[in-house]
Amino acid sequence: YVLSSVWLHQFYYLFGFLLLVVLMLLMTCAEITIVLCYFQLCCEDHRWWWRAFLTSGACSGYLLAYSVYYAWTRLQVTRAVAAALYVGYMLIICGGLLLVTGAAGFLACLVFVRAIYAAVKID
């Protein structure tokens, strides 16, 4: 629905609902990243930084795959320039989503790791 409102020049009026969905996405990415980071730390693998970033940023790969599917099934692009613009803009949007969700997951994981290691008492 959002892709059709952007690419087919239809208006999208539900910005409050979209904000709620983005907040839920960020919370879900943060929670999944914390759980997977906990499993990684239980296996005594302390290199969690990039894995935390890429775990929550993986939803941008889903958006990229869906945008290719959307272009293949819904859009009727006849010119190569229009297809190149679509692919370019979707790559920029997916890169931005990767940065936003990856940063949210990494920061949530950083807070989690600092909290659990602050509770450890060394005697």
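This text gives an overview of the structure that appears in the document. Within any chain, residue numbers begin from 1 and follow the written order of that chain's sequence. In keeping with the predicted nature of the model, local features appear solely for residues at pLDDT of at least 70, side-chain atom pairs appear and are counted solely at 80 or more, and the whole-chain, interface and lining totals rest on all residues. No hydrogens and no water enter the side-chain calculation; it runs on all heavy atoms of the structure.

## Here we look at the packing of helix 4 (residues 59-73) against helix 5 (residues 80-118)
Condition: Here the axes come from fitting lines to C-alpha atoms, over the contacting stretch only for helices, and the angles between their N-to-C directions go from 0 to 180 degrees. Elements are defined by DSSP. Helices are runs of H or I of four residues or more, strands are runs of E of two residues or more, and each kind is numbered from the N terminus. Comment on the angle field: the value is read as roughly parallel under 35 degrees, roughly antiparallel over 145, roughly perpendicular from 65 to 115, and oblique elsewhere. Less than a right angle of anticlockwise turn of the near helix away from the far helix marks a crossing as left-handed, whereas a clockwise turn marks it as right-handed. The contact criterion used is simple: two residues touch if any of their non-hydrogen atoms lie within 4.5 Å. In this count, Pro and Cys sit with the nonpolar residues alongside Ala, Val, Leu, Ile, Met, Phe, Trp and Tyr, while Asp, Glu, Lys and Arg are called charged and the others, Gly among them, polar.
Orientation of helix 4 relative to helix 5, taken along the N-to-C sense of each, is 160°, at an axis distance of 8 Å. Our classification of the angle between helix 4 and helix 5 gives roughly antiparallel. In the crossing of helix 4 with helix 5, the sense of the turn from one axis to the other is right-handed. Residues Cys59, Ser60, Leu63, Leu64, Ser67, Tyr70 and Ala71 of helix 4 pack against Tyr86, Met90, Leu91, Ile93, Cys94, Leu97, Leu98 and Thr101 of helix 5. A class-by-class count of the residues in the contact of helix 4 with helix 5 yields 12 nonpolar, three polar and no charged.

## Considering the pattern of salt bridges
Filter applied, for reference: Note on definitions: salt bridges are taken to be side-chain nitrogens of Lys or Arg within 4 Å of carboxyl oxygens of Asp or Glu. The classification of residues rests on relative accessible area computed with a 1.4 Å probe and restricted to protein chains. Under 20% of the type maximum is buried, over 50% is exposed, and intermediate values are partly exposed.
For the coordinates displayed, the defined rule picks out two salt bridges. Linking Arg47 and Asp45 is a salt bridge whose minimum nitrogen-to-oxygen distance equals 3.4 Å. Owing to a relative accessible area of 56%, Arg47 belongs among the exposed residues under this scheme. The salt bridge partner of Asp45 is Arg51, with a shortest N-O separation of 3.9 Å. Where salt bridges share partners, they join Asp45, Arg47 and Arg51 into one cluster.

The analysis is restricted to geometry; functional conclusions fall outside its scope.
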